[in-house]
Each structure stands twice: as structure tokens, then as C-alpha cells.
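Survey of secondary and tertiary structure
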Amino acid sequence: MEIVKKLWHLVEEPRTRRVMWSLIYASILMAGLVAVIMPPRSVEWQLGHALTLTWGLMLTAGGGLGAWSTLTRFWVVERMAILLCGHGAAIYGATIVANQIIEDGNRMTQFGFVVAFILALAVRHWDIRYWNRDPR
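Attention here is on the structure that accompanies the text. (Residues numbered from 1 in each chain as written. Predicted model: local features only at pLDDT ≥ 70, side-chain atom pairs only at ≥ 80, totals over all residues. Heavy atoms only, no water.)

**Regarding the overall build of the protein chain**
The test is simple: Starting at the N terminus, helices and strands are each numbered in turn, a helix being any DSSP run of H or I of at least four residues and a strand any DSSP run of E of at least two. Should any heavy atoms of two residues lie within 4.5 Å, those residues are counted as being in contact. Note that accessible areas follow from Shrake-Rupley with a 1.4 Å probe, and for residues the cover is restricted to the protein chains shown. Charged residues are defined narrowly, with Lys and Arg counted positive, Asp and Glu counted negative, and His plus the chain ends left uncounted. By convention, charge coordinates are those of NZ in Lys, CZ in Arg, CG in Asp, or CD in Glu.
Looking only at helices and strands, one finds 6 helices and 0 strands in the protein chain. Helices (α) and strands (β) of the protein chain occur, in sequence order from the N terminus, as α-α-α-α-α-α. C-alpha atoms of the protein chain, sized along the principal axes, occupy 50 × 35 × 25 Å. Summarising the internal contacts of the protein chain: among those between residues at least 6 apart in sequence, 68% fall at separations of at least 24. For the protein chain, the computed accessible surface area is about 8300 Å², with 71% contributed by carbon and sulfur atoms. Computed over 13 positive and 9 negative side-chain charges, the inter-centroid distance for the protein chain is 8 Å.

**Description of the pattern of salt bridges**
Rule in force here: We count a salt bridge whenever a side-chain nitrogen from Lys or Arg sits within 4 Å of a carboxyl oxygen from Asp or Glu. Using a 1.4 Å probe on the protein chains alone, a residue whose accessible area is under 20% of its type maximum counts as buried, one over 50% counts as exposed, and one in between counts as partly exposed.
Enumeration according to the criterion identifies 1 salt bridge in this entry. Here E78 ties to R124 by a salt bridge, and the two come within 2.7 Å at their closest N and O atoms. With E78 in helix α5 (residues 75–102) and R124 in helix α6 (residues 108–128), the pair connects residues that are 46 residues apart, well separated along the chain. R124 carries the same exposure label as E78, and that label is buried.

**Structural notes on helix α4 (residues 49–72)**
Put simply, the rule reads: One fewer than the residue count of a helix, multiplied by 1.5 Å, yields its expected span.
With 24 residues, α4 extends 34 Å between its outermost C-alpha atoms, agreeing within 8% with the 34 Å of an ideal straight helix rising 1.5 Å per residue. Of the residues making up α4, those classed as buried are T52, W55, G56, M58, L59, T60, G62, G63, G66, A67, S69 and T70. Just beyond α4, the residue with positive phi is R73, at close to 75°.

**Section: the packing of aromatic side chains**
Operational definition: Stacked, tilted and edge-to-face are the three classes applied to pairs of Phe, Tyr and Trp rings, where Trp contributes its six-membered ring and a pair requires centres within 6.5 Å; stacked means planes under 30 degrees apart, edge-to-face means over 60, and tilted covers the rest. Two thresholds decide whether a charge sits over a ring: the Lys NZ or Arg CZ must be within 6 Å of the ring centre and within 35 degrees of the ring normal.
For the structure shown, the criterion picks out 3 aromatic pairs. Measuring from centroid to centroid gives 5.8 Å for W21 and Y25, while their planes differ by 40°, and the two rings are tilted. With W21 and Y25 both in helix α2 (residues 15–37) and 4 residues apart, the pair spans about one turn of that helix. Just as W21 is buried, Y25 falls in that class too. On the numbers, 4.9 Å between centres and 35° between planes, the contact of W55 with Y92 is tilted. Taken together, the residues span a long stretch of sequence, with W55 in helix α4 and Y92 in helix α5 at a distance of 37 residues. Across the ring face of W126, the terminal group of R129 is positioned such that the distance to the ring centre comes to 3.6 Å.

As C-alpha cells, then:
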């Protein structure tokens, strides 16, 4: 328990916000890894393996950079992470829309989550747009 307290105090204020964003990016990192290792078949056959690998790697790299940069206060790196995650999510979102048009079924719930994620990234980018490091 003492180790957890020490690690918690290594994180700059506001700790809760930084840890939450780091966890968000870590979940994107995991989603990207899964897409690279085991691409979703419904998406891969539409895009081909190369493009699926591309958006998976974008999410993996963006998630890793974002998880690290939110805890270390290097916002210039986090802005790169936001771009990588946003572009990867946009490619995936376009595939969802294409699948909605081409196939039967309803994929708009998936698309809604992708749009919400992209908007959350836009809000984060808006918050850190002026500085390369946390000004505190």
C-alpha cells in the first residue's frame, strides 16, 4: 500500500485527471494492440490487412505516447498522441459507416462511441493547445 501512495504522489496535480487520461490512453493502446494482433474480421475484409494494420498501429502508438505523456506533463507529445489516436479512430469510424451502408445490421452504436471518443480527444487537445509542457 505504501508503494501505491508513493506512486500516486509522483503524479503531478491534478492527479485524478492525469491518471484518468492515462487510463483512457492505455485502453486505446490495448485496443490498438488487439487490432494489430487479431484484426476484427468484419473490418479487415473491407479495408484489407494493410489499412487495418495502419489504424491499429496508430492507436497503439498514440495510446502509448498518450499514457506516458499525461503523467509526465509533456503536452507536445500528447498532441502527437491525440493526432495518432484521432486519425486511427477516424479510419475505423469510416469503416463502420461503410459496413453500415454495404451490409445488413446496425453499426451506428459503434460509430457513436467512435465519434464520442474523437470529440473527447478534441476537448483534450483544446485544453493543452497552447503549451508544450504543463505551465504549473
